Amino acid sequence: MSNNDATQGKKPALNIHEYLAELDDIPGTRIYTAARARKGYWINQFAMSLMKAENRARFKADERAYLDEWNISEAAKEALLARDYNRLLDLGGNVYFLSKLFSSDGLPFAEAVSTMTDMTWPEYRQMMLDGGRSAEGNRSIKANLAAAAANKGAN
Amino acid sequence: MARITAGVGSSHVPLLGVAVDQGKSDDDYFGPIFKGYEWTRKWEANTQPDVVILVYNDHASAFDANIIPTFAIGCGDHYKSADEGWGPRAVPDVEGHADLAWHIAQSLILDEFDMTIINEMDVDHGLTVPLSMMFGQPAKWPVKVVPLAVNVVTYPVPSGNRCWALGEAIKRAVESFPEDLNVQIWGTGGMSHQLQGPRAGLLNREWDNKFLDALIGDSDAARWIPHIEYLRETGSEGIEMVMWLIMRGALGRETRLLHRHYHIPCSNTAIGHIVLEPVD
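This one's a predicted model, so the numbers in the text were calculated from it and none came from an experiment.

Peer 1: Would you mind showing me how to read the pairing of strand 4 (residues 78-81) of chain B here?
Peer 2: Along any regular strand, the residues point their side chains to alternate faces of the sheet. Taken together, the 2 bridges between strand 4 of chain B and strand 5 (residues 94-95) of chain B define a ladder with antiparallel strand orientation. Looking across to strand 5 of chain B, one finds that Y79 of chain B is bridged to V94 of chain B.

Rendered as structure tokens:
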């Protein structure tokens, strides 16, 4: 727990712009902000439609034709067909919605998640068994850049 | 008068539901997780709560991207298990307690919490996995449930302080219900996990355990943890821990620890579990 004013029982003043900027300062992470939710609305609603067995069957029979029924950009349709989940996060997809697509594919959640990392599924599974990814060096893009710059200066 | 007699915190990883449903809960992978719930299963069987106020998040099951309630309370008589893309879990229907739920909903609104009221919905693993962890596989769930769904998906999600204050208001609401009911409140989700992007798989044993420590005793420091700290330290989905603060807030000024369990990993997630009772 951070030891700042907040922990002294004082309600912190909040600036919406600073709040939103901080959300984008986490390495390898796309926080599902309102801006992303607006951008990815139909990607997520498409994924949601796969909760119905009859829609899953229609999607599986002809993925492209099913996607063409939705108001989704060509880039997003291609990312959906390719199951390129990092690209889909950039386009406003959210993992809880996209997970309907993992499930329709019969893919275990963790295996689908591993495709967004630089590891294979067995490597990712082993990392989790070994205690997961450390927060160390993964907290802040700005802090990482500053550390890299300081390191460069030192050399 | 109805009383909140205890609070339970628990992760609600969907894979735990799969383990129960497929009879794998004592294999090498799941055994150590479920062992940490044995104490609680016996305790639940002995204490026999009438109702559980079950704080959870819907994972794009009952609510889609269209309507995003920050705090929603289920006021129906029963709820079915949701089809999350692989068919509904074969678990009993969840029985609601509409009288208590409507009483809480009205009290909260009068107490200036602008609740969304849900009459009909399906409930997903966020709600049914904790029931399986605490009660196993009965033909019928031994408690009635008041579902309380929190938006922890679309930002901004509610602050820790707001969640804690909602818990305090739930305590007042329950205590003004005239019927004699033994009520528990469960906060579910977490602990550290990140399910998206190249940083997926982040876990933080040290931070999670500090969070568990902070729920015990008379400190309210945890209500002031900012969102960004959960995100940096515990992964993007670690934010679900704000739901545990609703449970903690509903237990009053001070708590006593009855049971605690922590295990890494389950799928992508750190499993945390705690049982607390209010100190009068």
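Peer 1: Looking at this structure, I do not really get unusual backbone geometry. What am I missing?
Peer 2: Most peptide bonds are trans, and most residues other than glycine sit at a negative phi. All names here are of chain B. G190 connects to M191 through a cis peptide bond whose omega is -5 degrees. The residue M191 is located in the loop between strand 9 (182-188) and helix 6 (205-214) in this model. In this structure, the amide linkage connecting I264 to the following residue, P265, adopts the cis form with an omega of -10 degrees. Positive phi outside glycine occurs at Q48, with the angle close to 45 degrees. Within the element layout of this structure, Q48 appears in the loop between helix 2 (31-47) and strand 2 (51-56). On the basis of relative accessibility, which here comes to 59%, the residue Q48 falls in the exposed class. Of note, the phi angle at S267 is positive, near 55 degrees, even though the residue is not glycine. Within the secondary structure, S267 sits in the loop between strand 10 (255-266) and strand 11 (269-278). Assessed through its relative accessible area of 13%, S267 is described here as buried.

Peer 1: How should a negative patch on the surface be read in this particular structure?
Peer 2: All names here are of chain B. Where like charges cluster on the molecular surface, the negative patch consists of D50, D77, D99, E179 and D180. Tracing the chain through its elements places D50 in the loop between helix 2 and strand 2. By relative accessible area, which is 33% here, D50 ends up partly exposed.

Peer 1: Honestly, the sheet that holds strand 7 (residues 122-123) of chain B in this entry has me stumped. Any pointers?
Peer 2: Hydrogen bonds along the backbone pair up the strands of a sheet, which may run parallel or antiparallel. On the basis of which strands lie adjacent, the open sheet formed by 3 strands has the order 5-4-7 (chain B) and mixed pairing. Either end of the sheet is taken by a strand with one partner, and the two such strands are strand 5 and strand 7 of chain B.

Peer 1: Looking at this model, I keep getting lost on the packing of aromatic side chains. Mind explaining?
Peer 2: Two measures describe an aromatic ring pair: the distance that separates the ring centres and the angle between the ring planes. Counted according to the given criterion, the structure contains 18 aromatic pairs over all chains. The interplanar angle of 35 degrees and the centroid separation of 5.8 Å between the aromatic rings of F135 of chain B and W186 of chain B together place this pair among those described as tilted. In this pair, F135 of chain B sits in helix 4 (residues 125-135) while W186 of chain B sits in strand 9, placing the two residues 51 residues apart along the sequence. Residue W186 of chain B is classed as buried on the basis of its relative accessible area of 0%. Here the aromatic rings of W207 of chain B and F211 of chain B are separated by 5.7 Å at their centres, their planes lie at 15 degrees, and the arrangement is stacked. Of this pair, W207 of chain B and F211 of chain B are both found in helix 6, 4 residues apart, which corresponds to roughly one turn of the helix. Taking relative accessible area as the criterion, W207 of chain B reaches 3% and is therefore assigned buried. For F211 of chain B, a relative accessible area of 0% puts it in the buried group. An aromatic cluster of three or more residues is present, and its members are Y41, W42, F46, F59, Y66 and W70 of chain A.

Peer 1: Would you take a moment to explain the environment of F30 of chain B for this structure?
Peer 2: All names here are of chain B. Locating F30 in the fold gives a position in the loop between helix 1 (14-21) and helix 2. As a C-alpha pair, F30 and D122 span 92 residues in sequence and 27 Å in three-dimensional space. If we ignore the near neighbours within four places in the chain, the residues touching F30 are L15, L16, A19, K24, S25 and C266.

So, how was this worked out
- Residues numbered from 1 in each chain as written.
- Chains lettered and ligands numbered in written order.
- Predicted model: local features only at pLDDT ≥ 70, side-chain atom pairs only at ≥ 80, totals over all residues.
- Heavy atoms only, no water.
- Pairing = 2+ DSSP bridges.
- Helix = DSSP H or I, 4+ residues; strand = E, 2+ residues; numbered from the N terminus.
- Buried < 20%, exposed > 50% of the residue type's maximum accessible area, 1.4 Å probe, protein only.
- Patch = residues over 30% accessible without salt bridge, like charges linked within 9 Å, V, L, I, M, F, W, Y side chains within 5 Å.
- Areas by Shrake-Rupley, 256 points an atom, 1.4 Å probe, with all protein chains shown as cover.
- Salt bridge = Lys/Arg side-chain N within 4 Å of Asp/Glu carboxyl O.
- Lys, Arg positive; Asp, Glu negative; His and termini not counted.
- Charge placed at Lys NZ, Arg CZ, Asp CG, Glu CD.
- Phe/Tyr/Trp six-rings, centres within 6.5 Å; stacked < 30°, edge-to-face > 60°.
- Contact = heavy atoms within 4.5 Å.

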